[in-house]
Amino acid sequence: MLLSPLLICTALAVPAKADNPIIQTIYTADPAALVHNGRVYLYTGHDEDGSTNFTMREWRVWSSADMVNWTDHGTPMNLATFSWADANAWAGQTVYRNGQFYWYVPVRQRGGGMAIGVAVSSSPTGPFRDALGRPLVANGEIDPHAFIDDNGQAYLYWGNPNLWYVRLNADMISYSGSSTQIPLTTAGFGTRTGNPSRPTLYEEAPWVYKRNGLYYNVFAAECCSEFIAYSTATGPTGPWTYRGTVMPRQGSSFTNHPAIVDFNGNSYFFYHNGALPGGGGFTRSVAVERFTYNANGTIPTINMTTAGAPQVGTLNPYVTQEAETAAWSSGVETEPSTEGGRNLSFVGNGDYVKIKGVAFGAGATSFTARVASGASGGAIEIRLGSPTGTQVGRCTVGGTGGWQTWTNATCAVSGATGTQDLYLRFTGGSGNLFNLNWWRFTAAGGATNLVTNGDLESGTTGWGVFGAGTLASNTSVVHGGSRSLAITGRTGSWNGPSQDLTAKLTNGRSYTTSAWVRTQSGTPTAKVTLAVTANGTTNYVSLTPAAPVSSTAWTQLTGTVPVSWSGTLTSATLYVETTSGTDGFYVDDVSVQ
């Protein structure tokens, strides 16, 4: 392990009977959600264990493609990101513009009061850097939220006890004019009784968005304890009309914090409560519910549940899945991996992770896990339905000589068919057993991956170059196994490692693609493309959405799309490209299934 287990608290363990709260390994608060390239990115604060105040020193990022299995991307930003701040890594929000991600957060200035800072990254998972080296705005108030209107004008809202906004410039790190206070009228924000200094229900945490020409302002109302309310307006700055309650006073936290996004044709409401063991007003947990607007555009009353949102689609077990992706975790932590990204750590006897809605189809025959152990190891029990459900396989994990000394462990699997909730249960002796970086199954029939030498362990075998460039087998920067593929000398953004799939495709079939990419320098946006030529016409199919990649960590490009053509297929070439630039990059663990 990278850190001494004495420095990390025991992970939170609760029965996996539901999917809310959606993060169980740490206390999280103040959700902000962003939809980008087919995933929902969730930005949260981190309540420190045992807090008796709002003790928060860092922010965290998670993402999901199905709203139930969430990937832990770690800590891309903390108080040290802002040299001028010394405390209070509180509720922030992230937006995307100009190919960049802007994260607005409140922090305490050194020797002063609360201020709003802004950090920027080319990737939704960071790392983020301070964009200004100073506050963007500072009037002692908190809870920033940025909104970009249809006409391109961006606004930053914030405030407690007041509600403010500025008009952001197109660079998103400066603004025009001065801070403007929104009038808090009872008509606009409801009536509070018994507190003459706060005559309206507005408390904090504004979340502003536009739907069908109407502007919504969803906010935390009337502490303490807070409920969630909302107002609407015909313009982004009002005048506002109070519309009522979104979420009543529920849960064991005296605060709440809203976020609303649309994803894959559905609407989702994020909030926090104190539902985890040891939870409360200073040790909170983020949760999510799916909802449907009323026919007249009003928001229905949404109640907290333990069930959470239903799954969107299924999870493919036949591509590499990060071990830190789960619907529920018990007893484990995560930490940075020397192979990029994060890995499960502090794995003890009886700990487990649940991965929901895994589509095994006709069945799996084997399971491979990327493991490391500075002790004597243990075993991974592969179970279906529950932590004590049917065992369909068991992989022995031995000592590898170090907590970041990685090897593959493979075992036979029998009986994993259909769509199931998968439980990886860890067993062994006392103390920490091993770390787990990623896993994947092999389907019945074996020949599931259309890519030859997709794990790159056979050097450059099966690979060519689309356009210009030089390929080389690489052993110093790898995602899985001992080798990856490096390309240098590209002269166009569309140049990249390629494979001929002409004889392997079936017309009209959907294929799931996964590729791990890491740059040698720069931060381009990459994707996997299929050039399909039939009857003399070439069409280019984006097998994965484009996603930012960097030199500091591996990024998974993944997507499922139908592939079809008219006439006689003469060529089908898969290749990895960037949308601009000619930076060299690495690829590893490529599959098309």
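Anyway, here's the lowdown on the structure attached to this text.

**Section: the state of the cysteines**
For step 1, the next point in the chain: Going through the model one piece at a time under the given rule, you end up with 2 disulfides.
For step 2, the next point in the chain: The disulfide bridge from C223 ends at C224, spanning 1.5 Å between sulfur atoms. The sign of the 60° torsion about the S-S bond sets the C223-C224 disulfide as right-handed.
For step 3, the next point in the chain: Here C223 falls in the partly exposed class, since its relative accessible area comes to 24%.
For step 4, the next point in the chain: Owing to a relative accessible area of 57%, C224 belongs among the exposed residues under this scheme.
For step 5, the next point in the chain: Disulfide partner of C395: C411, at an S-S distance of 2.0 Å. Since a negative S-S torsion denotes a left-handed disulfide, the C395-C411 link at about -95° is left-handed. Of this pair, C395 sits in strand β30 (residues 390–397) while C411 sits in strand β31 (residues 402–412); the two residues are 16 residues apart in sequence, bridging distant segments of the chain.
For step 6, the next point in the chain: In this structure C395 comes out as buried when scored by relative accessible area, which is 0%.
For step 7, the next point in the chain: The class of C411 is buried, set by a relative accessible area of 11%.
For step 8, the next point in the chain: Assigning the bonded cysteines of the chain consecutive numbers by sequence position, one obtains the connectivity 1-2, 3-4.

**Quick word on the environment of E322**
For step 1, the next point in the chain: Relative to the helices and strands, E322 resides in strand β22 (residues 321–322).
For step 2, the next point in the chain: Linking E322 and N437, residues 115 residues apart in sequence, is a C-alpha distance of 6.3 Å.
For step 3, the next point in the chain: In this structure, E322 is in contact with R342, N437, W438, W439, H479 and W516, ignoring residues within four places of it in sequence.

**Quick look at the sheet that holds strand β38 (residues 509–519)**
For step 1, the next point in the chain: What the 5 strands build is an open sheet, ordered β35-β36-β44-β38-β42; its pairing is antiparallel. The sheet terminates laterally at β35 (470–474) and β42 (555–563), the two strands that pair on one side only. Along the sheet, successive strands turn relative to each other by an average axial angle of 30°, direction set aside.

**Re the layout of surface pockets**
For step 1, the next point in the chain: Put simply, the second largest pocket is a space of about 500 Å³.
For step 2, the next point in the chain: For the second largest pocket, the lining is made up of 21 residues, of which L34, F147, W207, Y209 and V261 are closest to its centre.
For step 3, the next point in the chain: Taken together, the elements giving at least two residues each to the lining of the second largest pocket come down to β1 (27–36), β7 (93–97), β11 (145–148), β15 (202–211) and β19 (259–263).
For step 4, the next point in the chain: Per-element tally for the lining of the second largest pocket: the top contributor is β15, with 5 residues.
For step 5, the next point in the chain: Tallied by class, residues from the lining of the second largest pocket come to 14 nonpolar, 3 polar and 4 charged.

**Quick look at empty space enclosed by the protein**
A water-sized probe rolled over the atoms picks out the places where empty space is left.
For step 1, the next point in the chain: Within the structure shown, the criterion is met by 2 cavities of 30 Å³ or more.
For step 2, the next point in the chain: Of the volumes computed, that of the largest cavity is approximately 110 Å³.
For step 3, the next point in the chain: Around the largest cavity, the lining comprises 16 residues; the ones closest to its centre are T25, W70, E324, A326 and S329.
For step 4, the next point in the chain: Counting only elements with at least two residues in the lining of the largest cavity, the list comes to β4 (70–72) and β24 (328–330).
For step 5, the next point in the chain: In terms of residue count, β4 provides more of the lining of the largest cavity than any other element does, 3 residues in total.
For step 6, the next point in the chain: When its volume is computed, the second largest cavity comes out at roughly 50 Å³.
For step 7, the next point in the chain: As for the second largest cavity, its lining consists of P31, A32, G92, Q93, D143, P144, H145, A205, P206, W207, H257 and P258.
For step 8, the next point in the chain: If you list the elements that add at least two residues to the lining of the second largest cavity, you get β1 and β15.

Rules of the game
Residues numbered from 1 in each chain as written. Predicted model: local features only at pLDDT ≥ 70, side-chain atom pairs only at ≥ 80, totals over all residues. Heavy atoms only, no water. Disulfide = S-S within 2.5 Å. Buried < 20%, exposed > 50% of the residue type's maximum accessible area, 1.4 Å probe, protein only. Helix = DSSP H or I, 4+ residues; strand = E, 2+ residues; numbered from the N terminus. Contact = heavy atoms within 4.5 Å. Pairing = 2+ DSSP bridges. Axes fitted to C-alpha atoms, helices over the stretch in contact; angles between N-to-C directions. 1 Å grid on protein atoms, 1.4 Å probe; cavity = no way out; pocket = protein on both sides within 12 Å on 5 of 7 lines; lining within 4 Å. Points joined across faces, edges and corners; volume = space filled by probe spheres on them. Nonpolar A, V, L, I, M, F, W, Y, C, P; charged D, E, K, R; others polar.

Coordinates in, geometry out; function isn't part of it.
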